[in-house]
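Fold and contact review
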2 protein chains.
Amino acid sequence: MTYQSPSRDMQFVLQELLQVPAMLASCGKPEFDAETIDQVLTAASQFASKVIAPLNELGDEHGCSMPAPGVVQTPPGFKEAYDEFTKNGWHGLACSPEHGGQGFPSVVENAVYEILGGANMAWSSYPGMSHATYVNVATNGSPEQKALYLPKIASGEWAGTMCLTEPNAGTDLGLMRTRAVPQADGSYLITGSKIFISGGEQDLTDNIMHLVLARMPDAPPGVKGISLFIVPKFLPDAHGVAGARNAVVCGSIEHKLGIHGNSTCTINFDGATGWLLGAANKGLAGMFVQMNHMRVLVGVIAIGLMESAYQKALAYAKERLQGRISGTRASGENADPIIGHADVRRMLLTQKANIEGARALALWTAQLSDLQRIHPDAAKREEAVELLGLLTPLVKALSSDLAVESTLLAMQVLGGHGYIRENGVEQHLRDVRIVGLYEGTNGVQSMDLLGRKVLGDGGRQMGKFLDMAAAFTETCSPRKAMREFAEPLAQLIADVRQLTSELVGTSADDPHAAGAAAVPYLRLVGHLALAWTWARMAEVALKHSESTDSIYASKIATARFYYQRLLPQTAALCGEIRAGSSALMEPAIDLF
Amino acid sequence: MTYQSPSRDMQFVLQELLQVPAMLASCGKPEFDAETIDQVLTAASQFASKVIAPLNELGDEHGCSMPAPGVVQTPPGFKEAYDEFTKNGWHGLACSPEHGGQGFPSVVENAVYEILGGANMAWSSYPGMSHATYVNVATNGSPEQKALYLPKIASGEWAGTMCLTEPNAGTDLGLMRTRAVPQADGSYLITGSKIFISGGEQDLTDNIMHLVLARMPDAPPGVKGISLFIVPKFLPDAHGVAGARNAVVCGSIEHKLGIHGNSTCTINFDGATGWLLGAANKGLAGMFVQMNHMRVLVGVIAIGLMESAYQKALAYAKERLQGRISGTRASGENADPIIGHADVRRMLLTQKANIEGARALALWTAQLSDLQRIHPDAAKREEAVELLGLLTPLVKALSSDLAVESTLLAMQVLGGHGYIRENGVEQHLRDVRIVGLYEGTNGVQSMDLLGRKVLGDGGRQMGKFLDMAAAFTETCSPRKAMREFAEPLAQLIADVRQLTSELVGTSADDPHAAGAAAVPYLRLVGHLALAWTWARMAEVALKHSESTDSIYASKIATARFYYQRLLPQTAALCGEIRAGSSALMEPAIDLF
């Protein structure tokens, strides 16, 4: 079955829950009203289902190939789809009008990328990564660099990549060896090898702008000696006309579990010409602008894939007749649709709760990235910056973990048929697994959340986040219909507050306390964020309890399912976190 | 890296924990002493690492193909490996000496299959399935059928398959349509199509004995009208010489997520000649002998795969230098092995606890299948039958779920490198995913456990199981060193007893209570079984606390990890179960 964009649910989240049009109007952007946003999402849906969804299975089967050394061929149809995307101006959706873009907010862009990713993750990662390089250069570039590169990225004529990882330097970028030697003309000669470069080489665009981390000769050791460079595949003149080939070559493409249609390349820089982007030795911070953008983006793409897997599981559960359900026996068939079985419903509702909860949370996060940029009140911008810092690793890690778990459940709904290629769920599982590994593994996200963001300021910012959630529960508590959500949420907020304060204490004495707690802590905070989000969605839905639009009843039913059947997981997480680091750190290595 | 069989751990489980040689001696089988069992496991390890492990990646890449209609080619080298397995008499390991076998107990056979599966699951499934058909015919066959078929299966000259599923009949076999029309000579003509037939066609053996479920013309509807038939690919004469080709043809092979080297076939029976196996209309019960054998077998194969993935993750964690660990900085390198990180240890120890706990539990279950057959005391045999009934669905579902979770963690330890084919973990994930889906989905296992085995007798048998576990905790409680295990275990036993009694109550009024609880209940009982197993292993290890053999310290450390960091999951499961069925069953279908 073909992927269908979850249009009504996105409308619910963007307009009813997050009130995006009103927010944008209050930030001086009244042109992005509800109708305009709807039009964009409708157009994205059509592009997704008509153009790239049909290439999804094909792209997986063909993968990328190297017909000649250094040349990468994307799967059949990818180039044509890319050209259509370009022709319709999609690359510029969230780019600034001064570079030829349409200036849409990030929250709309992320909704669009959920749709694109759900239809074809491998394909969508090409423009997704390119746009992240736009964000990087727009933030860190000089006026000349912006003028030269950004219109080319916004138009889609050129693509961009992010070159960080080396064979011996992944999580620990301080170990990287790629060198940048300054030249008399102000450029640098870049030499080194980068691996795992998404879209590092392809046949979709005329030129590729590689954003490369490298060390200058006199740089301090470790992460404080890393600078960021623009290294184009073809060297442009001042008018943006691509000229001579630069010494940047794709050495090989990886064979991967999934996203076969997205080229993952080894890129060799052999004295390639590059230009410093941002300040010398501040390259890691510069790259993190892009990285943080990507973390939210891959989170929403993961949500798109679990949505796609859910749609297949739901269709199967409604069609597949197997066994008798107590008290139904409606049809003339000698078996009932398996959606009548409690355990099949458990699997479907888990997916639905994961998807819709994660979607609302991710789009709220994207909204914060708009608020930090465009809100007229500086205090509100600062508040958004801080919240965004907490939520970015959460959205990335939580969405990708939930996506793997949900896609495994979607496959389980199909039984043995889920294991067969032609039913499509197995590709979703292979594709989505990457999200927990790249743009910083989920372990790295967890340490970013707990180690840096929470313990880094003694729990202050987390305390503010908990205060916001607690304030919400207080506004709910007088309403009887909200009690089933507000009471357990208030309890969870109190538990997380207590646990956070315990962790602030233990981490002062135990250097391994944060590492031992990080992953379950992120999941626990994830539950808190989802529980809060579900309560907010239930609150909106309860206002429409008389509506004939079934989304409101669906939201209330799913919120109830989440609170009753998934929220109990927090008890396990608290227990695991409180166990501390000793069982992890005491065993000698030879006992493993 | 090449798979290494976990020889020392298997010795620990078989000899020190389960005391298999003593058990066998007390059952009149003193010939299977510790030395003999060790020799078999050593030989299996050598075969696994030298012959089939090198074919694992190759088999995945090549897969099975159909060079001509009805003809299936297994991957290069599979036939030669099969011949070597045959030549060395492995097929007959657990077959009766009267059919040319060696009569080894099931517990040894299962240990061997863990090793084979860990080295190459796709290959191992061919002889594994064949041996399951041996068990079927040995139980259900007439003396003539046994004499004709069993020596051929025991020698490996012929293989066997299990033909149950049809396009419209999977979990609900009552819907099957394959027909068996009796002939004057006592044979039957079988007509119908079966799907998902593992090893349904191959190029490894001279003949294939299909065991096929079908309906006779006058059969009652549903599962009470299913009979079991032997349908050979080539019709044998009374001396076991294969003659004319039977009307059994492989229509196609499936393209699957994993186990590419194992042919999964559509098999068409077009008036094929077959013979009734066992009593008419009792075919499902007859097939369940084989099915239950397979459920334990695929459980141990799943354990082999997670062991294999763990070995890769552990090796990587010891070698990969990335980041600085507080307080270590031992080497001259500018980074430390990632095994020093608490979160990497969390992932490794979770795998280790899952693997070693599941292994001990599965081998205990296999031991029960020996005891039910050979114990001299009828009461002990009956006790083993009952326990085996509880533990079979548990071993199958728990091992396969833990295997997927563990393999995902193994991949996570490798970070982005885990997503790349050449590192091997991604194949393990693709291969192992099938185990939760076939031989009855894990949802079916859960309903077998809770619905049939637990609620079916009002909780009596589960009560006996809990009594056994409780008796163990009482023997431990005087010993101070055992308290950290015995106390939480006693609490868990009490919790499960209470919850089981609640479920007996609620399921009397609510037809969906069992279905709503089944999957978390199986996992909860799985935790109880694992916690009990880990406490038993710790008890054995504590007797050797002065030993220089590191396995004892390792067992104690892993038991402690399990109790501190994984056992808290039971709190979540209890909460989920107590939430009942309403959140699942109330939503109308259009709200999904």
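Remember, it's a predicted structure, so these values are computed and weren't measured experimentally.

Each value, and the rule that gives it
Residues numbered from 1 in each chain as written. Chains lettered and ligands numbered in written order. Predicted model: local features only at pLDDT ≥ 70, side-chain atom pairs only at ≥ 80, totals over all residues. Heavy atoms only, no water. Helix = DSSP H or I, 4+ residues; strand = E, 2+ residues; numbered from the N terminus. Rg over C-alpha atoms; globule rule 2.2 N^0.38 Å. Buried < 20%, exposed > 50% of the residue type's maximum accessible area, 1.4 Å probe, protein only. Contact = heavy atoms within 4.5 Å. Areas by Shrake-Rupley, 256 points an atom, 1.4 Å probe, with all protein chains shown as cover. Least-squares fit on C-alpha atoms with pLDDT ≥ 70 in both. Polar contact = N/O pair within 3.5 Å; in protein donor to acceptor, adjacent residues only side chain to side chain. Buried area = accessible area lost by both parts, 1.4 Å probe. Salt bridge = Lys/Arg side-chain N within 4 Å of Asp/Glu carboxyl O. 1 Å grid on protein atoms, 1.4 Å probe; cavity = no way out; pocket = protein on both sides within 12 Å on 5 of 7 lines; lining within 4 Å. Points joined across faces, edges and corners; volume = space filled by probe spheres on them. Pairing = 2+ DSSP bridges. Core = buried A, V, L, I, M, F, W, Y, C linked by side-chain atoms within 4.5 Å. Phe/Tyr/Trp six-rings, centres within 6.5 Å; stacked < 30°, edge-to-face > 60°. Lys NZ or Arg CZ within 6 Å of the ring centre and 35° of its normal. Axes fitted to C-alpha atoms, helices over the stretch in contact; angles between N-to-C directions. Parallel < 35°, antiparallel > 145°, perpendicular 65-115°, else oblique. Nonpolar A, V, L, I, M, F, W, Y, C, P; charged D, E, K, R; others polar. pLDDT = per-residue confidence, 0-100. Expected span 1.5 Å × (residues − 1).

1. Here's the deal with the overall build of chain A
For chain A, the count of helices and strands is 19 helices and 11 strands. In terms of overall size, chain A behaves like a compact globule, its C-alpha atoms giving a radius of gyration of 24 Å where 592 residues would be expected to give roughly 25 Å. The dimensions of chain A, computed from C-alpha atoms along their principal axes, are 80 × 60 × 60 Å. Counting over 592 residues, chain A shows a buried share of 64%. For chain A, contacts bridging at least 24 residues in sequence account for 74% of all contacts bridging at least 6. For chain A, the accessible area works out to roughly 20100 Å², and carbon and sulfur atoms hold 53% of it.

2. Some points on the environment of B:Ile355
Residues and elements named next belong to chain B. Counting through the fold element by element, Ile-355 comes out in helix 10 (residues 342–374). Here Ile-355 falls in the buried class, since its relative accessible area comes to 1%. Placed 126 residues apart in sequence, Ile-355 and Phe-229 show a C-alpha to C-alpha distance of 37 Å. Each residue touching Ile-355, except ones within four places of it in the same chain, is listed here: Ile-303, Met-306, Glu-307 and Tyr-310.

3. Describing the relation of the copies chain B and chain A
The transform that puts chain B on chain A rotates by 180° and translates by 0.0 Å along the axis, for an RMSD of 0.0 Å. The two molecules are tied by a two-fold rotation axis, judged by turn and shift. In this assembly, 100% of the residues forming the interface of chain B have copies in chain A that are likewise at the interface, indicating an isologous arrangement.

4. Observations concerning the side chain of A:Glu201
Residue and element names in this part refer to chain A. Here Glu-201 shows up in the loop between strand 5 (188–198) and strand 6 (207–214). A polar side-chain atom of Glu-201 sits 2.7 Å from a polar atom in the side chain of Lys-233. Aside from chain neighbours lying at most four places away, what touches Glu-201 is Gly-70, Val-72, Ile-208, Lys-233, Arg-245, Cys-250, Ser-263, Cys-265 and Ile-267.

5. A closer look at the environment of B:Ser581
Take B:Ser581: it is sitting in the loop between helix 18 (569–578) and helix 19 (582–585). Along the backbone, B:Ser581 and B:Leu349 are 232 residues apart, and their C-alpha atoms lie at a distance of 34 Å.

6. Concerning the interface of chain B and chain A
Counting residues at the interface gives 89 residues for chain B and 89 residues for chain A. The contact between chain B and chain A buries some 7500 Å² in all, and 63% of this surface belongs to carbon and sulfur atoms. Seen at the junction of chain B and chain A, the total is 2 salt bridges. Summed over the shared surface of chain B and chain A, the result is 44 residue pairs in polar contact (both at pLDDT 80 or more). Here the side of chain B that touches chain A takes 8 residues from helix 17 (residues 550–566) of chain B, the largest share from any one element.

7. Description of the pattern of salt bridges
For the structure shown, the criterion picks out 60 salt bridges over all chains. For B:Glu502, the salt bridge goes to B:Arg578, with nearest N and O atoms at 2.7 Å. Here B:Arg578 lies in helix 18 and B:Glu502 lies in helix 15 (residues 483–509), a separation of 76 residues in the sequence. Connected through shared salt-bridge partners, A:Asp9, A:Glu114, A:Glu307, A:Lys352, A:Glu356, A:Arg359 and A:Lys555 make up one network.

8. Comments concerning the environment of B:Lys555
Residue and element names in this part refer to chain B. Relative to the assigned elements, Lys-555 resides in helix 17. In this structure the C-alpha to C-alpha distance between Lys-555 and Met-537, which are 18 residues apart in sequence, comes to 6.7 Å. Ignoring any residue separated from it by four or fewer positions in sequence, one finds Lys-555 in contact with Asp-9, Phe-12, Glu-356, Trp-534, Met-537 and Ala-541.

9. A look at unusual backbone geometry
Residues other than glycine seldom take positive phi values, yet A:Phe196 does so here, at roughly 60°. By the secondary structure assignment, A:Phe196 is in strand 5.

10. Things to note about empty space enclosed by the protein
All names here are of chain B. Following the criterion strictly, the structure yields 8 cavities of 30 Å³ or more and no others. Here the second largest cavity defines a volume of roughly 100 Å³. For the second largest cavity, the full set of lining residues is Phe-85, Trp-90, His-91, Leu-93, Ala-94, Glu-109, Val-112, Tyr-113, Pro-127, Ser-130, His-131 and Ile-153.

11. Comments concerning the pairing of strand 7 (residues 227–232) of chain B
All names here are of chain B. Most of strand 7 sits out of view: 6 of its 6 residues are buried. Neither face of strand 7 is open: one carries Ser-227, Phe-229 and Val-231, the other Leu-228, Ile-230 and Pro-232, and all of them are buried. Inspection of the sheet shows strand 6 (residues 207–214) paired to strand 7 by 6 bridges, in the antiparallel sense. Note on strand 7: the bridge partner recorded for Met-209 is Pro-232. Pairing between strand 7 and strand 11 (residues 264–276): 2 bridges, direction antiparallel. From the neighbouring strand, Phe-229 faces strand 11, where its bridge partner is Leu-276.

12. A few points about the nonpolar core
In this structure, A:Leu348, A:Phe465, A:Tyr521, B:Leu348, B:Phe465 and B:Tyr521 are the most contacted members of the largest nonpolar core, which totals 416 residues. Apart from residues no more than four positions distant in its own chain, A:Tyr521 is found in contact with A:Leu449, A:Leu450, A:Val454, A:Met462, A:Val496, A:Thr500, A:Leu503 and A:Ile577.

13. Concerning the packing of aromatic side chains
Scanning the entire structure with this criterion turns up 28 aromatic pairs over all chains. Ring-pair connections join several aromatic residues into one group, and the members of that group are A:Phe47, A:Tyr82, A:Phe85, A:Trp90 and A:Trp123. The side chain of B:Arg245 reaches across the aromatic face of B:Phe234, ending 5.5 Å from its centre. Against the face of B:Trp364 rests B:Arg536, its NZ or CZ located 5.2 Å from the ring centre.

14. Some points on helix 12 (residues 425–432) of chain B
Of all 8 residues that make up helix 12 of chain B, 8 are buried, and the element is covered over most of its length. Those residues of helix 12 of chain B that sit buried are B:Val425, B:Glu426, B:Gln427, B:His428, B:Leu429, B:Arg430, B:Asp431 and B:Val432. Against the buried residues of helix 12 of chain B lie helix 12 (425–432) of chain A together with helix 4 (56–62), helix 7 (121–140), helix 9 (283–319) and helix 11 (378–413) of chain B.

15. Some points on the packing of helix 1 (residues 7–17) of chain B against helix 17 of chain B
Angle between the axes and distance between the axes are the two parameters that describe a pair of packed helices. All names here are of chain B. Running from N to C, helix 1 and helix 17 cross one another at 80°; their axes reach a closest spacing of 11 Å. The orientation of helix 1 relative to helix 17 falls into the category roughly perpendicular. Residues Arg-8, Asp-9, Phe-12 and Glu-16 of helix 1 pack against Ile-551, Tyr-552 and Lys-555 of helix 17. Its residues assigned to classes, the contact of helix 1 with helix 17 comprises 3 nonpolar, no polar and 4 charged.

16. Section: the pairing of strand 1 (residues 65–68) of chain A
Along a regular strand, successive side chains alternate from one face of the sheet to the other. Residues and elements named next belong to chain A. In the sheet, strand 1 pairs with strand 2 (residues 71–73) via 2 bridges, with the strands oriented antiparallel. Within strand 2, the position partnered with Ser-65 by the bridge is Gln-73. With antiparallel pairing between neighbouring strands as the criterion, strand 1 and strand 2 make up a hairpin whose turn holds 2 residues, including Gly-70 at a positive phi of roughly 80°.

17. Brief notes about the confidence of the model for chain A
Per-chain confidence: chain A averages 97 in pLDDT, with 99% of residues scoring 70 or above. Predicted as a complex, the structure gets a pTM of 0.98 and an ipTM equal to 0.98.

18. A word on helix 15 (residues 483–509) of chain A
All names here are of chain A. The first and last C-alpha atoms of helix 15 sit 40 Å apart over 27 residues, in line with the 39 Å expected at 1.5 Å per residue. For helix 15, the complete set of buried residues consists of Phe-485, Ala-486, Leu-489, Leu-492, Ile-493, Val-496, Leu-499, Thr-500 and Leu-503. Each element contacted by the buried residues of helix 15 is listed here: helix 13 (442–454), helix 14 (460–476), helix 16 (513–542), helix 17 (550–566) and helix 18 (569–578).

19. Section: the packing of helix 11 (residues 378–413) of chain A against helix 14 of chain A
Residues and elements named next belong to chain A. For the pair helix 11 and helix 14, the least separation of the axes is 10 Å and the interaxial angle reads 95°. Taken together, helix 11 and helix 14 sit at an angle that is classed as roughly perpendicular. Listed contacts from helix 14 to Glu-386, Leu-387, Leu-390 and Leu-391 of helix 11 are Arg-460, Gln-461, Met-462, Lys-464, Phe-465 and Met-468. A per-class count over the contact of helix 11 with helix 14 returns 6 nonpolar, 1 polar and 3 charged.

20. With respect to the side chain of B:Arg346
Relative to the helices and strands, B:Arg346 resides in helix 10. Accessibility expressed as a relative area gives 10% for B:Arg346, which makes it buried. In this structure B:Arg346 touches A:Val519, A:Pro520, A:Glu576, A:Leu584, B:Phe561 and B:Arg565, once residues within four positions along its chain are discounted.

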